[in-house]
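One letter stands for each residue in the lines below.
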Amino acid sequence: MVKICCIGAGYVGGPTMAVIALKCPSIEVVVVDISVSRITAWNSDQLPIYEPGLDEVVKSCRGNNLFFSSDVEKHVAEADIVFVSVNTPTKTRGLGAGKAADLTYWESAARMIADVSKSDKIVVEKSTVPVKTAEAIEKILTHNSKGVKYQILSNPEFLAEGTAIQDLFAPDRVLIGGRETPDGRRAIKALKDVYAHWVPEERILCTNLWSAELSKLAANAFLAQRISSVNAMSALCEATGADVAEVSHAVGKDTRIGHKFLNASVGFGGSCFQKDILNLVYICECNGLPEVANYWKQVIKVNDYQKSRFVNRIITSMFNTVSGKKIAIFGFAFKKDTGDTRETPAIDVCKGLLGDQARLSIYDPQVTEDQIQRDLSMNKFDWDHPLHLQPMSPSSVKQVSVEWDAYAAAKGAHGLCILTEWDEFKKLDYEKIYENMMKPAFVFDGRNVVKAEKLREIGFIVYSIGKPLDPWLKDMPTVA
Ligand code: UDX
Ligand code: ADP
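Residues numbered from 1 in each chain as written. Chains lettered and ligands numbered in written order. Predicted model: local features only at pLDDT ≥ 70, side-chain atom pairs only at ≥ 80, totals over all residues. Heavy atoms only, no water.

An unreviewed UniProt entry annotates the chain as UDP-glucose 6-dehydrogenase of Cynara cardunculus var. scolymus. If you open the UniProt record of the chain and go to Sequence similarities (unreviewed entry), you find "Belongs to the UDP-glucose/GDP-mannose dehydrogenase family." Taken directly from UniProt, the Catalytic activity (unreviewed entry) text for the chain runs: "UDP-alpha-D-glucose + 2 NAD(+) + H2O = UDP-alpha-D-glucuronate + 2 NADH + 3 H(+)". (UniProt positions renumbered as here; feature names shortened; annotations may be inferred.)

Put into structure tokens, the structure is as follows:
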């Protein structure tokens, strides 16, 4: 029986291993983590992450061939294949701060593997890492090997949160990078055999190590670039009276372009896009390619611009000040169907509004109050950020309340902002919400989920991203 151990029971490691266990009953899969509370949650009825379909997958194989354990060393020692799926955040200090990936967790995982291993192992990079990480890991392992042989593979994960299970069941492709040596090829084949249990062979791409590592960064950069492109267009649409939904529909009809990832929004978030582009920028700079670095940097700058443009629009619409005004925030997660708030645009928008002394009342169906308060009081690394996107003082945290119902959040508010596209926001009783709000009542739809015309009929003043402006907003000065 092949034994797989995955180090890191997070958003990537947990769902990926659960699906491998489900699809490969003959393989034993153990997911380990240094966080005992995370492992306890994985072993309970309340899994530590919210992901549609995940509960069913975990329940059907946990205890059979899927296990979660905090005994990291034991399971690593016993495994044939070790996936490493630890966090690789952006460095916040020292060389490369604000851009380079922080490989502290990765390096300590590699040293631990070297320490405990007594049999040969295939070590698989699952977390996104800078190009050439595999080489560094290989050095750590071989210099501490005590006779054990290692093969390093890069097998980046392309799942998106909220659709992780679907993405894992039917991936567009599985990418496996390895050394071009007989041992390297054997290792690639061993991992390919795992995926071949359910992924058609033509969708399993085998490349060299560096191509696999770079492809992951490139794919995320391309996706983020599409969003920044359509968001840049949204500003021009508002200025000209065009409708960004119509423009992106027309553009996406070109089969060379395609329709996906062309929804204008308040900005992209999530743990990957910004981090991976920063990483790419850093690699370009380190390789003497400043023009390429600046090209990709611009994708993040437009994303920041979109968030600050949204905040400015709110403030200017509401008579140039939101000081002391209650503003309801609908949605805090970085996208629907997840409770994840990493790099969510809601953080920057809320901080921007708090910077102008608004009172915020936040509702998200999946994000806890603790998480929201933590996100809003945390310092963010300053990377070319406009002033109002800077961290808040503890006193502004008091200006924030978290509600468990959209109606309660909107009660007595002057305006409401939709920052996550949760389906339930489409179905709310906006007449009831209107009645309980201060007048004039504003809606700022950062995800274009509500029908603006219907809301205008109720009496709301509505701003939708990239849509022809409400007559009210046309008369207000715009600050870019
Ligand atoms: C992304 C990649 O899609 C995935 O392949 C990779 O493995 C990890 O990073 P994820 O961050 O989970 O996945 O979510 P994704 O669906 O890509 O959305 C990222 C952000 O872009 C979200 O904030 C989303 O709301 C935003 N977005 C997406 C838009 O603003 N417009 C769009 O058209 C699509
Ligand atoms: P991702 O979104 O990439 O899955 P997460 O932050 O959700 O990232 O998960 C990474 C997990 O890796 C965390 O639960 C963390 O506790 C775990 N982790 C980090 N370093 C180690 C280590 N050396 N050994 C075991 N687990 C680790």
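Undergrad: Quick one: what's the story with the domain arrangement of the chain, residue by residue and with numbers?
TA: Looking at the assigned domains, one finds that the chain contains domain 1 (3-199) and domain 2 (221-464). Spacing between the C-alpha centres of domain 1 and domain 2 amounts to 32 Å. Of the roughly 1,700 Å² buried between domain 1 and domain 2 on both sides combined, carbon and sulfur atoms contribute 54%. On the domain 1 side of the interface with domain 2, the three residues burying the most area are Tyr-50, Lys-99 and Glu-161, jointly 40% of the side's total. The tally of links between domain 1 and domain 2 comes to two salt bridges. Where Lys-99 meets Glu-285, a salt bridge forms, and the shortest distance between an N and an O atom there is 2.9 Å. Joining domain 1 to domain 2, the criterion identifies six residue pairs in polar contact (both at pLDDT 80 or more). When the residues that make up the side of domain 1 that touches domain 2 are grouped by side-chain class, the tally is eleven nonpolar, seven polar and two charged. (Domains from an automatic or database assignment. Buried area = accessible area lost by both parts, 1.4 Å probe. Salt bridge = Lys/Arg side-chain N within 4 Å of Asp/Glu carboxyl O. Polar contact = N/O pair within 3.5 Å; in protein donor to acceptor, adjacent residues only side chain to side chain. Nonpolar A, V, L, I, M, F, W, Y, C, P; charged D, E, K, R; others polar.)

Undergrad: With reference to specific residues and values, describe the packing of aromatic side chains.
TA: A full pass over the atoms with the stated rule returns 15 aromatic pairs. Ring centres 5.6 Å apart and planes at 80 degrees place the aromatic pair Phe-268 and Phe-273 in the edge-to-face group. As far as the burial class goes, Phe-268 and Phe-273 line up, both buried. Aromatic pair Phe-442 and Phe-444: ring centres 5.8 Å apart, planes at 5 degrees, arrangement stacked. Overall, Phe-442 belongs to the buried group, its relative accessible area being 2%. With relative accessibility at 1%, the residue Phe-444 sits in the buried group. Clustering of aromatic rings is evident, with ring pairs tying together Phe-310, Phe-319, Phe-442, Phe-444, Tyr-463 and Trp-472. Cation over ring: Lys-132 sits above Trp-210, and NZ or CZ is 4.7 Å from the ring centre. One residue, Lys-432, lies across the ring of Tyr-407, its end atom 4.1 Å from the ring centre. (Phe/Tyr/Trp six-rings, centres within 6.5 Å; stacked < 30°, edge-to-face > 60°. Buried < 20%, exposed > 50% of the residue type's maximum accessible area, 1.4 Å probe, protein only. Lys NZ or Arg CZ within 6 Å of the ring centre and 35° of its normal.)

Undergrad: Tell me about the side chain of Lys-216, residues and numbers included.
TA: Its location among the elements puts Lys-216 in helix 9 (residues 209-240). Here Lys-216 is buried and forms no salt bridge, its nearest opposite-charge partner Asp-276 lying at an N-O distance of 5.0 Å. Apart from residues no more than four positions distant in its own chain, Lys-216 is found in contact with Thr-128, Pro-156, Glu-157, Phe-158 and Asp-276. (Helix = DSSP H or I, 4+ residues; strand = E, 2+ residues; numbered from the N terminus. Lys, Arg positive; Asp, Glu negative; His and termini not counted. Contact = heavy atoms within 4.5 Å.)

Undergrad: Can you tell me about the site of ligand 2, naming the residues and giving the values?
TA: The full set close to ligand 2 counts 15 residues, and Tyr-11, Val-12, Asp-33, Arg-38 and Arg-342 are the nearest of them. A distance of 3.1 Å separates an oxygen atom of ligand 2 from a polar backbone atom of Tyr-11. Separating an oxygen atom of ligand 2 from a side-chain N or O atom of Arg-342 is a distance of 3.1 Å. For the shell around ligand 2, a count of residues per class yields six nonpolar, six polar and three charged. (Near = heavy atom within 4 Å.)

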